[in-house]
Amino acid sequence: MKKPLTIAVVSEKGGVGKTATLLNLAGSLVINQNKRVLVVDLNPQQDLSTNLGYVPPSVKTKTISEYIYDQLEGVDFPIVSEEDKKGFIKHTEYGLDYMPANRNTLEILPRNLSDSEEDNMCVAKVFEGEMFKNYDFVFVDCKDSLVAHLVPQILYGVNYAMPITEVGINSLYDVSEVVKKIYRRYYNVRIIGIVLNKVTEQSNIAKDLLSSARAEYSEYLFTTQIPDRKAQIEQANNVHLPCVIAKNEHRKKNTLSEFYSDLAVEFLERIRESEGLQ
C-alpha cells in the first residue's frame, strides 16, 4: 500500500492562522475532493483538537505523543490493533480523522531530545506505523517557530512543509526566515507552498506589502489567498466544523468556504506536479 504524503504546517510566529488554515484545507480536501485525510495535533496548545470537538478522557490513555516518547526510549513502534486505533484516531461526522496528543507528554518530550540522527528521526519512524497507511494525506500541526518543541523532528519526518503567514512587515520577514531554515537544514523536505492568510487590501500599506510578498515569494506563494474574516472562523470553530460546511446564525453559507475550496484544488495541483502524477 502506498504511503501517505505528510505535510507539516508551520509558522515562525503565533497568531497567523496556522491551525485554522490546516483545519479548513483538510476539511475541503475531504468534503470537496474525496480525499482520505488525517490531521495530527503535535502542538502543545492543542487548538486543532479543541476546534474539532475533542475532550480529553478522564483516564489517561496512550496517544501519538506517548509513541514518540517510546521511540526516544528505544521501544519499537508496535503493530497497532483495531482497539488501539479507536483510541488513537478520532473521527468527525464529515469524514476528517484527527489524532490528538497528550499535552503533558508533549511538554516533556523536548527534554529527552538530542540532536542525534536517531532522535531526529523519531517522528519519521512513528509515521511508518500501520495507523497512517489508509490515508492520502497526513497534516501535522506544529508549535510556532521552527526551532521549538519537536518541530525539527517533525520536519525530518515529513515530505512537505507548508508555511502560513499573514501580511505584515514582521510576518513577511518571518516567513523568509522559515524558507531559509528549511532549505538550510531539512534537506529532504520540500515546500509545497506558502499560504497568505488574513489578507486585506484596505490600506495602501497593505497593498504595498501584498505586492512585495508576491514579488519575493512568487515561486512558493499559493495563488489562493485567505481573506481576514475572523468572525467566520470563530463561528465555524464553535460548531466544530470547517468553513466549507459551516453555516452562520442565519443559516447562510460561510463565505470563506470558496477560498479554502480553491486552496484545496491548488494544493492538489501542486502535489501532482511535485510527485510527477497525471
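Above this text is the structure in question.
In what follows, the accompanying structure is described.

Definitions and cut-offs
- Residues numbered from 1 in each chain as written.
- Predicted model: local features only at pLDDT ≥ 70, side-chain atom pairs only at ≥ 80, totals over all residues.
- Heavy atoms only, no water.
- Buried < 20%, exposed > 50% of the residue type's maximum accessible area, 1.4 Å probe, protein only.
- Helix = DSSP H or I, 4+ residues; strand = E, 2+ residues; numbered from the N terminus.
- Pairing = 2+ DSSP bridges.
- Core = buried A, V, L, I, M, F, W, Y, C linked by side-chain atoms within 4.5 Å.
- Contact = heavy atoms within 4.5 Å.
- Salt bridge = Lys/Arg side-chain N within 4 Å of Asp/Glu carboxyl O.

### Focus on the pairing of strand β1 (residues 5-10)
In the case of a regular strand, side chains alternate between the two sheet surfaces.
Here comes step 1: The element β1 is extensively covered by neighbouring structure, given that six of its six residues are classed as buried.
Here comes step 2: Of the two faces of β1, the one holding Leu5, Ile7 and Val9 and the one holding Thr6, Ala8 and Val10 are both buried throughout.
Here comes step 3: In this sheet, strand β5 (residues 137-141) lies alongside β1 in parallel orientation, the contact comprising five bridges. Residue pairing across strands places leucine 5 opposite phenylalanine 137, the latter belonging to β5.

### Regarding the nonpolar core
Here comes step 1: Leu42 and Phe132 are the most contacted members of the largest nonpolar core, which has 47 residues in total.
Here comes step 2: Within the residue set of this core, elements represented by two or more residues are β1, β2 (37-41), α3 (64-72), α7 (122-126), β5, α8 (151-156) and α9 (169-185).
Here comes step 3: When residues no more than four places from it in sequence are discounted, the contact partners of phenylalanine 132 are Pro4, Leu38, Val40, Ile64, Met99, Val126, Phe127 and Val138.
Here comes step 4: Formed by 40 residues, the second largest nonpolar core is a distinct cluster that contains Leu5, Val9, Phe139 and Leu263.

### Remarks on the pattern of salt bridges
Here comes step 1: Applying the stated rule across the entire model yields eight salt bridges.
Here comes step 2: Aspartate 136 is paired through a salt bridge with arginine 36; the nearest N and O atoms lie 2.9 Å apart. On the criterion of sequence distance, the pair formed by aspartate 136 in the loop between α7 and β5 and arginine 36 in the loop between α1 (18-31) and β2 is long-range, its members being 100 residues apart.
Here comes step 3: The class for aspartate 136 is partly exposed, based on a relative accessible area of 23%.

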